[in-house]
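Notes for the structure review
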Amino acid sequence: MSASTVTKKSAATAGPATAPHSLVAEFASADALVRACEQVRNAGYTRWDAHSPYPVHGIDRAIGIRATRLPVLIFLCGATGTTIGILLQWWTNAVNAGVEFPWVPTFLQGYNFIISGKPYWSFPANIPVIFELTILLSAFGAFFGMLALNGLPQHYNPLLRVDRFRRVTDDRFFISIAMDDPKYGSATRRLLEGAGAAAVEVADDVKESAPPRWFLRAHVILACFLLIPLAVIAYMRVDKQTQPRIHIVQDMDNQERYTAGKQMANPVFADGRSARPKVAGTLAREDFTQDPHYFQGRIGDQWAVGIPMYHPELQKLAGGAAEVNEQLMRRGRDRYAIFCSHCHGLDGAGVGRVATYTTEREIGFVPPKSYVDPDVLVRPVGHLFNTITNGIRTMAPHGDQIPVADRWAIVAYVKALQRAQTATLEDVPTDERSRMTQPK
Amino acid sequence: MASIVHDRDNTLERPGQRAPLVTGGHDLHGVTEVVCRVAESRTAPAAWYLTMGVSAALLAALGAMIGYLFFEGVGVWGLNNPVGWGFDITNFVFWVGIGHAGTLISAILYLFRQKWRTGINRFAEAMTIFAVMCAGLFPGIHIGRVWLAFYLFPLPNQMAMWPNFRSPLLWDVFAVGTYFTVSLLFWYMGLIPDLATLRDRAKSKLSAFLYGLFSMGWTGSARHWHRYERAYLILAALSTPLVLSVHSVVSFDFATSVLPGWHTTIFPPYFVAGAIFSGFAMVVMLAIPCRALFGLKDLITLRHLDNMNKVILATGLMVGYAYTTEFFVAWYSGSAWELFAFKARAMGPWWWSYWIMFSCNVFVPQIFWFRWARTNIPVMLVVSMLVNVGMWFERFVIIVTSLSTDFLPSAWDTYWPTWVEAWTMAGSFGLFFFMFGLFCKFLPMVAISEVKAVLPHDAHAPAAGGHGH
């Protein structure tokens, strides 16, 4: 119930039964108020108060208001916030509660919260939350403590029934003396008038005041409505559901997709099929066993000694030819430069960039063997192919990086490197020989 | 409606004579009249209706965008991998920053006994609350599965699932939550005596009831004032470290990561200075139309604007210093990644946003070295708008440039907002101005009781001081 509607009713002639409650004196200025307050205080009154539109300087002393204990209350609230901040973070993130305190119900159990290998209890990281909770609870203490100590909210006040008193929030200053003050008497009015009051008036109180019926009913109805969410939650906690839970936002849980098995049309692909054909070059597992020469470099339990030029993929690299030719060799040199030369060197001697770099810095890299090492020189092509595919000693497998046909092209090129570096004059074509033997 | 047509120049300090904080020779009743007649008037200026119409439309757009986002998922935004934060967090940091000026004016200037704050603190605080509402919106809606937003809070649950308290994102929840709550309490506490003024002047039953309900039966009792002032002082003292902590914590979101351009210790002070900078620009931007439309030129005087422009100049220099220091440290650190990140800001694909930021925040406020500019309404309106543009771009630059080009070139990607993000951002301005418009019309825009306390009344009284003497 608003205070000022009460005030209005009091102006009406047929109001409720009233009784005088206090004496209200109006003053024109803050100065006059302070001087009058000193007189009222000196006269020994205890149940009285001053009212002003803004906090008047010096009025505390004039009335004799003692310093409020609010700061102590706020400090206690802040200390509670600090404690909650520390305990909350310790309990939820830094204690193995499930083991150490098994009697705690699940929904309150904390645990050692593992995150990024950080310590469970690292105080610097806990400071922000402790600080914020300290401030938050202190602020609650300041605001609600102020209201509580002031006895607010107090929506009904006999003073607000006095029309004149409305100017207390505008530009007038008042003193109110309650009639149940032990010193109250006929001298009180004279005291106030003598202290410079511009007007003195009696504030009436309603004898039997009760909030109106509709006000009570509204509160009962409101309270019932507020209980509905709690009741629903309580019901849901104990009720056994047979239906799957409702997905309010369908998009995030059930997203649109094309299912290959359902042969759905798919506009993304030119052929309109959502079931996609094999990617070119896809191999079935049995391909490996059906053609061990091409895929593994083996024939029976022996390393293959020939390059499987019968295979169409390899012929494609050779430009359709069914034998090793220059085109295949160029392909091999190209792949070799990309995948092999950084370790083996462009000439296959085993001193590529990586070997040079690591040797200079003493990193401990084992350089690869030279291709003209007697061990390597005698290896059949199938063995070389297997080495590229699966790696050997510290060399990593490259089978997943280089397609099969390219691996064979590299093998052919490696064979050529070996041949070139173990070559004699007889290997040079006859017409070129004379050029090489001529002295410069 | 405005009774005062011309600004009275009260910006000059004459030796031996204090420049008045309130012009027009108002007494106590005059102050009440000036402030209350806005709320009591049955009509409002045409510009108010226009603002409310536009901002209501934008607010509706915000609702539609959020609904669309919730229904479709965050894919409707232009975010990608690696740019997982875009307009959403840019707007979050922007709005949180805006709020800081309100708290600075209401708390820090109060502790420093700056009496001129009484003219502007009320609506600066209101601005804080609405700005923090806009800010809190963005992290709330950007989390993807919004129905799990309660994971943010340490709520007991049957999964025994707790938040990670060592994460700056969790600190943010506590910092922004506390900031909003404390700002709201501070603002409402200041409103109580002024709501009582409106209650006592109310003509209609409804306004008497509502103002009466929220003024809690305030009677201006000296004993009440005594506790009220003590609570106010302590709230100010609590808000001061709080406001510094909030933007520091926001900056930790970035500074505690290892991303080049984010991983810097300069962030907390630099973010706080930037927040106050943009917040003051917003206060000036709002004060200029409000004082003109609602006839508050006697209470929000040129001197107030002049002072705020000085703060803008000072904080603008601070952010300029921070920008320069960042570059210096990027070079001096010897970290190739750091230097690259900063070169990419100034000269990379986002160079234009960097230079919008730099010129709006560093070059433009320099005009406030001149008194004529600090007291010229059109100039300060343009500057404050540009500062807000610049500060928005500062957050955009920090977030997007650092995310889009991190350590590994193969992970780089660019970012461009979608129409949904653009309308969500516009909608947040709608929310802000709608709330602010309601506040202007229905609540006392100026702290009546505080202004009365600094009026030069009672010439022979010991001091016509503000609160807390």
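Residues numbered from 1 in each chain as written. Chains lettered and ligands numbered in written order. Predicted model: local features only at pLDDT ≥ 70, side-chain atom pairs only at ≥ 80, totals over all residues. Heavy atoms only, no water.

1. Focus on the overall build of chain A
Counted only if it meets this: Only runs of H or I of at least four residues qualify as helices and only runs of E of at least two qualify as strands under DSSP, and these elements are numbered from the N terminus. C-alpha atoms define the radius of gyration in this analysis, and the globule rule sets the expected value at 2.2 Å times the number of residues to the power 0.38. Exposed residues in this analysis have more than 50% of their type's maximum accessible area, buried residues have under 20%, and partly exposed residues fall in between, with area computed by a 1.4 Å probe over protein chains only. It only takes one pair of heavy atoms within 4.5 Å for two residues to be counted as in contact.
Counting its secondary structure elements, chain A contains 19 helices and six strands. Relative to the compact-globule value of 22 Å for 440 residues, chain A shows a C-alpha radius of gyration of 49 Å, a clear excess of over 25%. Its C-alpha atoms give chain A principal-axis dimensions of about 145 × 60 × 50 Å. Here chain A holds 440 residues, and the buried ones make up 36% of them. Look at the contacts in chain A between residues 6 or more apart in sequence, and 60% of them connect residues 24 or more apart.

2. Brief notes about the overall build of chain B
Defined as follows: Residues scored as charged are limited to Lys and Arg (positive) and Asp and Glu (negative), so that His and the chain ends carry no count. In this description, the location of a charge corresponds to atom NZ of lysine, CZ of arginine, CG of aspartate or CD of glutamate.
For chain B, the helix and strand inventory stands at 15 helices and zero strands. Principal-axis analysis of the C-alpha atoms gives chain B an extent of 75 × 55 × 40 Å. For chain B, buried positions account for 61% of its 469 residues. Long-range contacts, defined as pairs at least 24 residues apart, comprise 80% of the intrachain contacts of chain B with a sequence gap of at least 6. With 29 positive and 24 negative side-chain charges, chain B shows a separation of 9 Å between the mean positions of the two kinds.

3. A look at the confidence of the model for chain A
Heads up, the rule is: The predictor attaches a confidence to each residue, called pLDDT, with possible values from 0 through 100.
With 94% of its residues at a pLDDT of at least 70, chain A reaches an overall mean of 85. Predicted confidence is poor over residues 1-13 of chain A, with pLDDT under 50, and the contacts of this stretch with residues over four places away or in other chains come to 27 contacts.

4. Regarding the packing of aromatic side chains
The description of an aromatic ring pair rests on the distance of the ring centres and on the angle between the ring planes. Cut-off, in case you're wondering: Pairing of aromatic side chains here covers Phe, Tyr and the six-membered ring of Trp, requires ring centres within 6.5 Å, and sorts the geometry by plane angle: under 30 degrees stacked, over 60 edge-to-face, intermediate tilted. Criterion for a charge above a ring: Arg CZ or Lys NZ at most 6 Å from the ring centre, at most 35 degrees from the ring normal.
Applying the stated rule across the entire model yields 70 aromatic pairs over all chains. When the ring of Trp350 of chain B is compared with that of Phe396 of chain B, the centres are 5.6 Å apart and the planes differ by 75°; the resulting orientation is edge-to-face. Residue Trp350 of chain B is located in the loop between α10 (336-347) and α11 (351-363), and its partner Phe396 of chain B is located in helix α13 (residues 377-404); the two are separated by 46 residues in the primary sequence. For the pair shown, Trp350 of chain B and Phe396 of chain B are each scored as buried. Both rings, one in Phe432 of chain B and one in Phe433 of chain B, keep their centres 5.2 Å apart while their planes meet at 85°; by these two values the pair is edge-to-face. In this structure Phe433 of chain B comes out as partly exposed when scored by relative accessible area, which is 23%. Between the NZ or CZ atom of Arg276 of chain A and the centre of the ring of Phe269 of chain A, over which it lies, the distance is 3.7 Å. Over the ring of Phe342 of chain B we find Arg345 of chain B; its NZ or CZ atom is 4.6 Å from the centre of that ring.

5. What to know about the domain arrangement of chain A
Condition: The domain boundaries here were taken from an automatic or database domain assignment.
Domain boundaries in chain A define domain 1 (1-209) and domain 2 (286-421). On a C-alpha basis, the centroid separation for the pair domain 1 of chain A and domain 2 of chain A is 90 Å.

6. A look at the pattern of salt bridges
In plain terms, the rule: By definition here, a salt bridge exists when the distance from a side-chain nitrogen of Lys or Arg to a carboxyl oxygen of Asp or Glu is within 4 Å.
Taken as a whole, this structure holds 24 salt bridges over all chains when the rule is applied. Across the salt bridge formed by Arg331 of chain A and Asp406 of chain A, the nearest N and O atoms sit 2.8 Å from each other. Remark: Asp406 of chain A occurs in helix α18 (residues 404-421) and Arg331 of chain A occurs in helix α13 (residues 326-339); sequence separation between them is 75 residues. Here Arg331 of chain A falls in the partly exposed class, since its relative accessible area comes to 26%. Taking the shortest distance from any N to any O, the salt bridge between Arg374 of chain B and Asp306 of chain B comes out at 2.7 Å. Within this pair, whereas Arg374 of chain B is found in helix α12 (residues 371-374), its partner Asp306 of chain B is found in helix α9 (residues 302-332), the two being separated by 68 residues in sequence. The pair Arg374 of chain B / Asp306 of chain B is uniform in exposure class, with both members buried. A single salt-bridge network, built from bridges that share partners, covers Glu26, Arg164, Arg167, Asp171, Arg172 and Glu201 of chain A.

7. A closer look at the state of the cysteines
All names here are of chain B. Just so we agree on the cut-off: Here, the term disulfide refers to a pair of cysteine sulfur atoms separated by no more than 2.5 Å.
Using the criterion set out here, one finds zero disulfides over all chains in the structure. Cys440 takes part in no disulfide bond, and the closest cysteine sulfur, belonging to Cys290, lies 3.7 Å away. With a relative accessible area of 3%, Cys440 lands in the buried category.

8. Some remarks on empty space enclosed by the protein
Residues and elements named next belong to chain B. Quick reminder of the rule: With a 1 Å grid spanning the protein atoms alone, the term cavity applies to any set of points in which a 1.4 Å probe fits but cannot get out, the term pocket to an open set with protein on both sides within 12 Å along at least five of seven lines, and the term lining residue to any residue with an atom within 4 Å of a point. Grid points are joined across faces, edges and corners, and a volume is the space filled by probe spheres set on the points. When residues are sorted by character, Ala, Val, Leu, Ile, Met, Phe, Trp, Tyr, Cys and Pro go into the nonpolar class, Asp, Glu, Lys and Arg into the charged class, and all the rest, Gly among them, into the polar class.
Taken as a whole and judged by the stated rule, the model has five cavities of 30 Å³ or more. Put simply, the second largest cavity is a space of about 60 Å³. Within the residue set of the lining of the second largest cavity, elements represented by two or more residues are α3 (87-111), α4 (121-141), α5 (168-201) and α7 (222-255). At five residues, α5 tops the list of elements feeding residues into the lining of the second largest cavity. Split into classes, the residues belonging to the lining of the second largest cavity amount to five nonpolar, six polar and one charged.

9. Overview of the interface of chain B and chain A
Frequently, the measure chosen for interface size is the accessible area that the parts lose on association. What counts here: Whenever two N or O atoms come within 3.5 Å, that pair is a polar contact, provided that in protein one can donate a hydrogen and the other can accept it, and provided that, for residues adjacent in sequence, both atoms are side-chain atoms.
Counting residues at the interface gives 78 residues for chain B and 80 residues for chain A. The interface formed by chain B and chain A contains one salt bridge. Across the salt bridge formed by Arg223 of chain B and Asp49 of chain A, the nearest N and O atoms sit 3.6 Å from each other. Counting across the chain B and chain A interface gives 32 residue pairs in polar contact (both at pLDDT 80 or more). Mapped onto the side of chain B that touches chain A, the elements with two or more residues apiece are α1 (28-40), α2 (46-72), α5, α6 (205-214), α7 and α15 (448-454) of chain B. Across the side of chain B that touches chain A, the residue classes tally to 42 nonpolar, 23 polar and 13 charged.

10. Overview of the packing of helix α8 (residues 267-293) of chain B against α9 of chain B
All names here are of chain B. Threshold: In this description, a line fitted to the C-alpha atoms serves as the axis of each element, helices being fitted only across the stretch in contact, and the angle between N-to-C directions of two axes falls anywhere from 0 to 180 degrees. These descriptions rest on fixed angle ranges, namely under 35 degrees for roughly parallel, over 145 for roughly antiparallel, 65 to 115 for roughly perpendicular, and the rest for oblique. For any pair of crossing helices, the crossing counts as left-handed if the nearer helix is rotated counterclockwise from the farther one by less than a right angle, and right-handed if it is rotated clockwise.
Contact pair α8 / α9: the axes reach a minimum separation of 8 Å and the direction vectors enclose 150°. Of the possible angle classes, the one that applies to α8 and α9 is roughly antiparallel. The element α8 and its partner α9 pack so that their crossing is left-handed. For the contact of α8 with α9, a count of residues per class yields 20 nonpolar, four polar and two charged.

11. Regarding the side chain of Arg395 of chain B
Residues and elements named next belong to chain B. Tracing the backbone through its elements, the reader meets Arg395 in helix α13. Only 3.3 Å separates the side chain of Arg395 from the backbone oxygen of Met391, close enough to count as a polar contact. Not counting residues within four places of it along the chain, the set of residues in contact with Arg395 comprises Thr90, Val93, Phe94, Gly97, His247, Gly274, Ala275 and Ser278.

12. Describing unusual backbone geometry
Both trends apply: most residues other than glycine have a negative phi, and most peptide bonds are in trans. Geometrically, the link from Leu152 of chain A to Pro153 of chain A is a cis peptide bond, its omega value of 0° lying close to zero. If you trace the backbone, Pro153 of chain A turns up in the loop between α6 (123-150) and β3 (173-178). The peptide bond linking Asn81 of chain B to Pro82 of chain B adopts the cis configuration, its omega dihedral lying at 20°. Within the chain, Ser116 of chain A stands out as a residue other than glycine whose phi angle is a positive 55°. Even without being a glycine, Arg393 of chain A presents a positive backbone phi close to 45°.

13. Focus: the sheet that holds β3 of chain A
Residues and elements named next belong to chain A. The test is simple: A pair of strands is considered paired only if DSSP assigns at least 2 bridges between the two.
The four strands are arranged β2-β3-β1-β4 in an open sheet whose pairing can be described as antiparallel. If you trace the sheet from one side to the other, it starts and ends with β2 (48-51) and β4 (199-206), each paired once. Between one strand and the next, the sheet's axes are offset by a mean angle of 25°, whatever the strand orientation. Pairing of strand β1 (residues 18-27) with β3, which is carried by six bridges, proceeds in the antiparallel orientation. Bridge pairing in β3 links Ala25 to Ile175. Against the sheet, helix α2 (residues 30-42) contacts β1, β2 and β3, and its axis sits at roughly 20° relative to β3.

14. Examining the side chain of His100 of chain B
Residue and element names in this part refer to chain B. Examined against the element boundaries, His100 turns out to sit in helix α3. Residue classification places His100 among the buried residues on the basis of a relative accessible area of 1%. Among the polar contacts made by the side chain of His100, one reaches the main-chain carbonyl oxygen of Val96 at a distance of 2.9 Å. Leaving out residues up to four positions away in the same chain, His100 has contacts with Tyr179, Val243, Val246, His247, Ala275 and Ile276.

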